Amino acid sequence: MSAAVSAAPTSGARVLAEPAGPGVWRAVVRTGVLGGAVALYLCLVGIVPVFATRPLIVGVIELGQAALLMAFGAVGYLTAHEVGVERPVRAIGAAIGAGAISGAVISALVLIGAAIDIRAVFLNASPLLYDLLTFSEGTSWAWFPTLVATGTAGLAGVLIVLPRRYRTPIIIGLGSLIFFGLFAGLLRTPMLVTSLADLARFLFSSEGLTVPGAITIFFGSIAVSVVVRTTTPRARVRALPTAQRRLVVGPLAILLGVAILLFPLAMGGFFAQVIAIVALFVLLGLGLNITLGLAGLLDLGFVAFFAVGAYTVALLTSTAEYGIAGLSFWQAVPFAVIFAMLFGAFLGLPILRIRGDYLAIATLGFGEIIRILAGSDLLKGLLGGPRGIINIPKPIPLPPTDPFSGPVQIYYLALACAAIVAFVAWRLQGSRLGRSWMAIREDEDVAEGMGVNLVQTKLLAYMLGAGFAGLAGAISAALVGSIFASSIQLQLSINVVAIVIVGGMGSIPGVLVGALVLIGLPELFREFSDYRLLFYGVALMGIMVYRPEGLLPTTAAKRELHADLGPDVIEGEDDGDGGGAAANIDADTSAVEREASA
Amino acid sequence: MHVRNLDRLTDLAIDAFMLAFRGAIILVVVLGSLLTLFSGVYTLSDWFELVGNGLTLGAIYAMIALGYTMVYGILKMINFAHGEIFMGGAFGGYFAAVAFAQAGLLTDNVIVSLIAIVGMILVAMAVSVALALGVERIAYRPLRNAPTLVPLISAIGASLFLQYTFRGFFGSGIYAYPNIGFLDQNAPIPLLNMRWVDVLVVVAALAMMSALYMFVMRSKVGTAIRAVSEDKGTAALMGIDANRAIVLTFVIGAAMAGAAGVLYGLSFRQVTFAMGVIPGIKAFTAAVLGGIGSIPGAMLGGMFLGLIEAVGPTLFLSGFGVPSVNQLKDVVAFTMLVLVLVFRPSGILGVRVTRGRA
């Protein structure tokens, strides 16, 4: 990142000094070749051919082609941006040049593909792909991708030289087209059963937008963005005095809360299921946020506690084979949480003295041990092995016709638990215990010197995190209605760590945002099955590279990564965490000692 | 100062727990081994076969572990995508093997086949090195100064990206390495019941690792790498280009992983897009076992892990009548890991580089 940042001004300076010098050419060639590589990647990895039949706008454009066009558009946009928009003609020219280079890569793919059999290696270099790229005209139309790329990049170049007040609405319009085109089917289904059915049919087809729908959404979102730009509601609200601001923000927050509560009833089972899963991961994330975010103990085996919670509930409530007690869900949950905590203590004790990355690999080992044991023949008689435990009752047994049966019920349960746990976590953060955790995270030795009992404090972090994970496991078992050894996966531990880091270490709202982005979005993209994890990986890298502090970081973390924030920002927000912690702990310690001596 | 009785009590309880933990494991290991050995179910040649399997597996773990340990030594980060670098090498070797087989090079002619295998290893190394350079440039370099967990997440992202890129490129099917006649025959080594391919794996791995060790210890570039992993700032003052040393570390680690990919393909025959995950984790475990940051440690740890995994389940558990002990090989391996970490936190060879890292 630093390389890119430092390169931009120098090349800009060079451009100003000598017009159309080598800097421009270099930018054109580099972006063009990179863009060509990306386009080639999109073709060969299968995104272009596989989604060639998935419409974005019915009868106009398919998702596969749209992905290529976006790549070419990005090439034009970035090139024009890099050579500088202050000279529009040159910027557009550069965009066209770079687009031509990118397109030429794809044209070359068509020609080479006709000459030698690339398909022996790359499965997606199929006749379907070539037909798609040349409108089934074969190599005689190999020039076609170059033409399209040049045109698209040129248009993107034109877009960027437009003044901002025209540019932004157009980009927002295009963005909404893509957004609604992707989610058209998902939005349409629940709308059809309501009074919005006609609107749904007008805007969306079962996959993608209709033509009138696309036009409406494009101009509609442009209109909205223009209105927002001209009226600037956010800045106005911010400018209000505090009391009045509350009057505006308060009702909005209540409205949002009501919307969240009514959401699954309005949107139907699928969304309820997605949100229930997100809420489960929020629970897991909040648990790990204590162990990792506050106490700094990297746990890559979090799934172990999840498994303990899930299997406890399964064993205690299942009405099928392996069920041992036939309790109700509510009677079983406390056991699940307690067992998970005991397990946390049991696993935590031997590895308390291990530090850093050694701890990560040790916990990863524990997670794997639990996963393998759950599926092994050794415990088959107890846990059912790969066949698992089925017939786990829902918390409130209702007939399947009831709107609150199934995922909707779990949604409310998970939401309520997440809210309670978030409250507990939030109260813990500022407590003596929370401050001890943060002190340990920053420096174990100093924390110990300040009178923090490392063993007890770490163990508590472990046990609480484990308890939350156990709760999530219990709810998950009830959500799915069964638990199999195959649902205990390393990927789950990794997901939870990613949620905490992507959200922002130690930040409770961050966990929420992290779970929405990393769990909710991929769940919505179910139809892109094979490519979901590809995008997930790209997103993880992208977020970390461009926002290493996380999406919603705590002030302390933000300060660490952006030392340029200035001292007054730091002064104002420094109570409770980081620097203040040591002194507070010191005071608390003497209080405890007084108690002990009394 | 007041003595805190509660703290003392908990410390005592924890010490007791640790003692019990250690005792229980030792009891299981000793008692299990005795029961198994005296049950007489397994003959000597069975044990030697297990040892042979363990050596093959261990050699591959060791080669992958080198990449983990070297990158960890220099950047203090877990290169989670390293398993996928290994996978990429296996794929590169596979396509080279197919091409060689079509050209009629993989026949019973041992010399020609061996040369073809060297060619496969070179192709695999090239693929792996290209992947590693890309990952380093895109996912790690921008994060050199970020908090420790940030590159870890980025690495996990890179790992998923590579896995599903390969899935997109080559599908989710299993690719089988072509059959090379003489490799499947048993090697005439007394007691050890090994196929030629396993001998090849072990010998090639040992040769490459020795070459690497000499390179890192003796050559000027190797010295530069060690200097940078010791202290970046001071190394820079001595005129060493830290960036170059870091990139070179990735290149060497990837080359070893790529070669390991071919060896894995030759021995186990099956290559899929997801094949890198488990060996990756195991190899990292091996690196930790040997003492992360130490090159001989990684080799030793890999061999140790391979052997424990192959021999351990049968030796320690089958005596108790545990069913299907081979399902539990990872349990044995990871228990060993936890034991080593708990009772000898710096690994078998005792290198300590984690100080001050939370």
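Please read these numbers as outputs of a predicted model, since none were measured by experiment.

(A) Quick look at the overall build of chain B. Each helix and strand in chain B was counted, giving 12 helices and two strands. Order of helices (α) and strands (β) in chain B, N terminus to C terminus: α-α-α-α-α-β-α-α-α-α-β-α-α-α. Projecting the C-alpha coordinates of chain B onto the three principal axes gives extents of approximately 80 × 65 × 40 Å. A burial count over chain B gives 52% of its 358 residues as buried. In chain B, of all internal contacts separated by at least 6 residues, the share reaching a separation of at least 24 is 77%.

(B) Region of interest: the domain arrangement of chain A. Once the domains are mapped, chain A shows domain 1 (2-230) and domain 2 (269-491). A straight line from the C-alpha centre of domain 1 of chain A to that of domain 2 of chain A covers 43 Å.

(C) Representation of the confidence of the model for chain A. Residue and element names in this part refer to chain A. Averaged over all residues, the pLDDT of chain A equals 78, while 88% of them reach at least 70. Per-element confidence in chain A ranges from a low mean pLDDT of 40 for helix H26 (residues 567-572) to a high of 88 for helix H14 (residues 303-317). A low-confidence stretch, residues 1-18 stays under pLDDT 50, and its non-local contacts, those more than four residues away or across chains, total 13 contacts. This stretch, residues 565-598, has a pLDDT under 50; its non-local contacts, to residues over four places away or in other chains, come to 33 contacts.

(D) Here's a closer look at the nonpolar core. Counting residues in each nonpolar core, the largest one holds 300 residues, and the members touching the most others are Leu-283, Val-313 and Ala-414 of chain A together with Ala-62 and Met-63 of chain B. Among the elements that make up this core, the one with the highest residue count is helix H13 (residues 269-294) of chain A (18 residues). Among all residues touching Leu-283 of chain A, those that are not within four sequence positions of it are Ala-414, Cys-417, Ala-418, Val-421, Phe-468, Leu-471 and Ala-472 of chain A.

(E) Region of interest: the packing of H14 of chain A against helix H16 (residues 356-375) of chain A. Closest axis-to-axis distance for the H14 of chain A/H16 of chain A pair is 8 Å, and the angle between their directions is 35 degrees. For the pair H14 of chain A and H16 of chain A, the contacting residues are Val-303, Ala-304 and Ala-307 of chain A in the first and Phe-366, Gly-367, Ile-370, Arg-371 and Ala-374 of chain A in the second.

(F) Broad picture of the domain arrangement of chain B. Its domain assignment divides chain B into domain 1 (1-40) and domain 2 (41-343). Class assignment of the residues belonging to the side of domain 1 of chain B that touches domain 2 of chain B gives a composition of four nonpolar, five polar and one charged.

(G) Broad picture of the interface of chain A and chain B. Facing 54 residues of chain A, the contacting portion of chain B comprises 53 residues. Those elements giving two or more residues to the side of chain A that touches chain B turn out to be helix H2 (22-45), helix H15 (329-351), H16, helix H21 (454-480), helix H22 (490-503), helix H24 (529-546) and helix H27 (579-597) of chain A. Looking at which element gives the most residues to the side of chain A that touches chain B, the answer is H16 of chain A, with 12 residues.

(H) The packing of helix H3 (residues 82-102) of chain B against helix H5 (residues 149-170) of chain B, seen in detail. Residues and elements named next belong to chain B. One can describe the packing of H3 onto H5 by two numbers: an axis separation of 9 Å at closest approach and a directional angle of 20 degrees. As the angle between them shows, H3 and H5 are arranged roughly parallel. Handedness of the crossing formed by H3 with H5: left-handed. Of H5, the residues touching H3 (which contributes Gly-83, Glu-84, Met-87, Gly-88 and Phe-91) are Ser-159, Leu-162, Gln-163, Phe-166 and Phe-170. In terms of residue class, the contact of H3 with H5 is built from five nonpolar, four polar and one charged.

(I) Region of interest: the environment of Gly-208 of chain A. Mapping Gly-208 of chain A onto the fold places it in the loop between helix H9 (197-203) and helix H10 (211-231). Leaving out residues up to four positions away in the same chain, Gly-208 of chain A has contacts with Pro-55, Leu-56, Ile-57, Val-58, Gly-181 and Ala-184 of chain A.

(J) View of H10 of chain A. Residue and element names in this part refer to chain A. For H10, built from 21 residues, the straight-helix expectation of 30 Å at 1.5 Å per residue is met to within 8% by its first-to-last C-alpha distance of 30 Å. Residues of H10 that are buried: Gly-213, Ala-214, Ile-217 and Ser-221. Each buried residue of H10 sits inside an arc of 100 degrees when the element is viewed along its axis, so together they form one side. Along H10, exposed side chains directed more than 90 degrees from the buried face belong to Val-211, Pro-212, Phe-219, Ala-223, Val-227, Thr-230 and Thr-231. In the core, the buried residues of H10 are packed alongside strand S1 (55-57), helix H8 (164-192) and H9. Phi turns positive one or two residues past the end of H10, at Thr-232, with a value near 40 degrees.

(K) Here's a closer look at unusual backbone geometry. All names here are of chain B. In this model, Lys-76 sits at a positive phi of 55 degrees, which is unusual for a non-glycine residue. Along the chain, Lys-76 turns up in the loop between helix H2 (44-75) and H3. For Lys-76, a count of 17 C-beta atoms within 10 Å puts it in the partly exposed group.

(L) Region of interest: H8 of chain A. Phe-183 of chain A marks the point of greatest bend in H8 of chain A, at about 60 degrees. Buried-residue contacts for H8 of chain A involve S1, H9 and H10 of chain A.

(M) Local environment of the confidence of the model for chain B. Residue and element names in this part refer to chain B. Scored by pLDDT, chain B comes out at a mean of 83, with 96% of its residues at no less than 70. Helix H1 (residues 5-39) is the least confidently modelled element of chain B, averaging 80 in pLDDT, while H3 averages 91, the highest of any element. Contacts of residues 353-358 to residues separated by more than four positions or lying in other chains number 17 contacts, the stretch itself having pLDDT below 50. Model confidence for the complex: the whole-complex pTM is 0.85, and ipTM, which rates the interface, is 0.86.

(N) Fine view of the environment of Leu-518 of chain A. Residue and element names in this part refer to chain A. Position of Leu-518 relative to the elements: it lies in helix H23 (residues 508-524). The spacing of Leu-518 and Gly-503 is 15 residues in sequence and 9.5 Å in space, taken between C-alpha atoms. If we ignore the near neighbours within four places in the chain, the residues touching Leu-518 are Asn-495, Ala-498, Ile-499 and Val-502.

Cut-offs used in this document
- Residues numbered from 1 in each chain as written.
- Chains lettered and ligands numbered in written order.
- Predicted model: local features only at pLDDT ≥ 70, side-chain atom pairs only at ≥ 80, totals over all residues.
- Helix = DSSP H or I, 4+ residues; strand = E, 2+ residues; numbered from the N terminus.
- Buried ≥ 20, exposed ≤ 12 C-beta atoms within 10 Å, placed from the backbone.
- Contact = placed C-beta atoms within 7 Å.
- Domains from an automatic or database assignment.
- pLDDT = per-residue confidence, 0-100.
- Core = buried A, V, L, I, M, F, W, Y, C linked by C-beta atoms within 7 Å.
- Axes fitted to C-alpha atoms, helices over the stretch in contact; angles between N-to-C directions.
- Nonpolar A, V, L, I, M, F, W, Y, C, P; charged D, E, K, R; others polar.
- Parallel < 35°, antiparallel > 145°, perpendicular 65-115°, else oblique.
- Left-handed = near helix turned anticlockwise from the far one by under 90°.
- Expected span 1.5 Å × (residues − 1).
- Arc of directions from axis to C-beta.
- Bend = angle between axes of the 7 residues up to and from the residue.

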